[in-house]
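Coordinate analysis (summary)
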Amino acid sequence: MKHILFIVTSTNKTGAGQHKAGYEFSEIADPYYEFVNHGYAIDFASIKGGEPPYVGYDSEKKASKDFLKSNGFKRLNFSHRLNNVDMDAYDAIFFPGGLGLMTDMVDNPLVKEMIKEAYENNKVIGAVCHGPTALLNVKLTNGDNLLKGKKINSFTKEEERMDNHILGDIIPFMLEEELIKQGAVFSHTFPFESYVVNDGNIVTGQNPASASGVALKMIDLLETKS
């Protein structure tokens with residue numbers, strides 16, 4: 001059985017306006033069921049451990065409604081503190097989105113080291129929506145930036161605008177622009193449509209609609225390593 005570590009934000013406020021933040025609920029619920037239904041084991045870690053904050057729960061979405069009542073959600077609310085996690089136990093790591101990690105993962109040294117370790121040990125790395133924030137500022141052993149020349153996507157400037165995510169007040173930076181600055185080859189589709197990009201062992205998705213697709217592509221990659 002392969003093991004996936006979901007790494008989740010612990011931040012509940014974002015931007016100068018101190019708006020409500022956390023992980024985006026469906027961006028855990030949807031991938032969770034893709035992995036579990038394919039026989040994968042899931043663990044949850046967060047920056048501070050314990051119960052991470054969430055936003056965006058929609059009871060009309062079946063996966064989200066089911067997840068809220070699941071043992072998986074109970075385990076998520078007792079998430080491991082990230083500094084207590086042994087990366088050797090996992091075959092892949094996954095970063096769900098939500099605005100919280102734009103604060104607590106963009107420069108977090110432990111997050112950067114874990115991503116570097118995962119990448120250099122041929123593990124699969126997935127991220128969706130604002131999750132690719134975690135991939136910023138990762139320096140590899142050879143001195144290169146992880147994102148240099150990599151095909152990547154994330155929540156776009158247009159989607160930020162359509163969601164009224166005001167730069168400064170709500171989001172601390174424009175993720176699409178920062179990814180490009182660090183060398184990413186950025187691509188996207190129309191706002192809020194599913195879109196997944198794969199480059200080597202890195203899989204990124206544009207928005208909440210892409211969360212299941214990221215998980216399925218990660219599963220494809222993991223199956224080739226069996």
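So, here's what we can say about the structure. (Residues numbered from 1 in each chain as written. Predicted model: local features only at pLDDT ≥ 70, side-chain atom pairs only at ≥ 80, totals over all residues. Heavy atoms only, no water.)

**Concerning the overall build of the protein chain**
- In terms of helices and strands, the protein chain carries eight helices and 13 strands.
- For the protein chain, whose C-alpha radius of gyration is 16 Å, the value lies close to the compact-globule estimate of 17 Å for 226 residues.
- Seen through its principal axes, the protein chain has C-alpha atoms that stretch 45 × 40 × 35 Å.
- Taken across its 226 residues, the protein chain has 54% of its residues classed as buried.
- Nonlocal contacts in the protein chain, meaning residues at least 24 apart in sequence, comprise 75% of its contacts between residues at least 6 apart.
- When the 23 positive and 30 negative side-chain charges of the protein chain are each reduced to one mean point, those points stand 2 Å apart. (Helix = DSSP H or I, 4+ residues; strand = E, 2+ residues; numbered from the N terminus. Rg over C-alpha atoms; globule rule 2.2 N^0.38 Å. Buried < 20%, exposed > 50% of the residue type's maximum accessible area, 1.4 Å probe, protein only. Contact = heavy atoms within 4.5 Å. Lys, Arg positive; Asp, Glu negative; His and termini not counted. Charge placed at Lys NZ, Arg CZ, Asp CG, Glu CD.)

**A word on helix H8 (residues 211–224)**
- Its 14 residues give H8 an end-to-end C-alpha distance of 21 Å, which sits within 8% of 20 Å, the value for a rise of 1.5 Å per residue.
- Within H8, burial applies to Ala211, Ser212, Val214, Ala215, Met218, Ile219, Leu221 and Leu222. (Expected span 1.5 Å × (residues − 1).)

**A closer look at the environment of Pro109**
- Relative to the helices and strands, Pro109 resides in helix H5 (residues 109–120).
- A residue is classified by how much of its surface remains accessible, and Pro109, at 64% relative accessible area, is exposed.
- C-alpha of Pro109 to C-alpha of Asn137: the two residues are 28 residues apart in sequence and 9.3 Å apart in space.

**Observations concerning the sheet that holds strand E13 (residues 202–205)**
- Pairing in this open sheet of seven strands is mixed, and the strands run E7-E5-E1-E8-E9-E13-E12 from one edge to the other. Of all the strands in the sheet, the pair left with one neighbour each is strand E7 (80–81) and strand E12 (196–199).
- Inspection of the sheet shows strand E9 (residues 124–128) paired to E13 by four bridges, in the parallel sense. Paired with Val128 across the strands is Gly205, a residue of E13.
- Sitting on the sheet, helix H1 (residues 26–37) touches strand E1 (3–8), strand E5 (41–46), strand E8 (92–95) and E9, and the angle it makes with E1 is about 175°.
- On top of the sheet, H8 reaches E1, E8, E9, E12 and E13; it is set at about 175° to E9, its chief contact. (Pairing = 2+ DSSP bridges. Axes fitted to C-alpha atoms, helices over the stretch in contact; angles between N-to-C directions.)

**Considerations on the pairing of E9**
- Among the five residues that make up E9, five are buried, leaving the element largely enclosed by the rest of the structure.
- Residues of E9 alternate between two faces, with Val124, Gly126 and Val128 on one and Ile125 and Ala127 on the opposite face, all of them buried.

**Some points on the packing of aromatic side chains**
- What the rule picks out here adds up to 17 aromatic pairs.
- On the numbers, 6.0 Å between centres and 75° between planes, the contact of Phe6 with Phe35 is edge-to-face. In this pair, Phe6 sits in strand E1 while Phe35 sits in helix H1, placing the two residues 29 residues apart along the sequence. Taken individually, Phe6 and Phe35 each receive the classification buried, so the pair is uniform in this respect.
- With a centroid separation of 5.7 Å and 55° between ring planes, the pair formed by Phe25 and Phe73 is classed as tilted. In this pair, Phe25 sits in the loop between strand E4 (23–24) and H1 while Phe73 sits in helix H3 (residues 71–76), placing the two residues 48 residues apart along the sequence. In this structure, Phe25 and Phe73 share a single accessibility class: buried. (Phe/Tyr/Trp six-rings, centres within 6.5 Å; stacked < 30°, edge-to-face > 60°.)

**Re H5**
- Taking 1.5 Å as the rise per residue, H5 with twelve residues should run 16 Å; its terminal C-alpha atoms sit 16 Å apart, in good agreement.
- Looking at H5, one finds that the buried residues are Val111, Lys112, Met114, Ile115, Lys116 and Ala118.
- Sitting at the head of H5, Asn108 places a side-chain oxygen 2.9 Å from the backbone nitrogen of Leu110.
- One or two residues past the end of H5 sits Asn122, with phi positive at roughly 65°. (Polar contact = N/O pair within 3.5 Å; in protein donor to acceptor, adjacent residues only side chain to side chain.)

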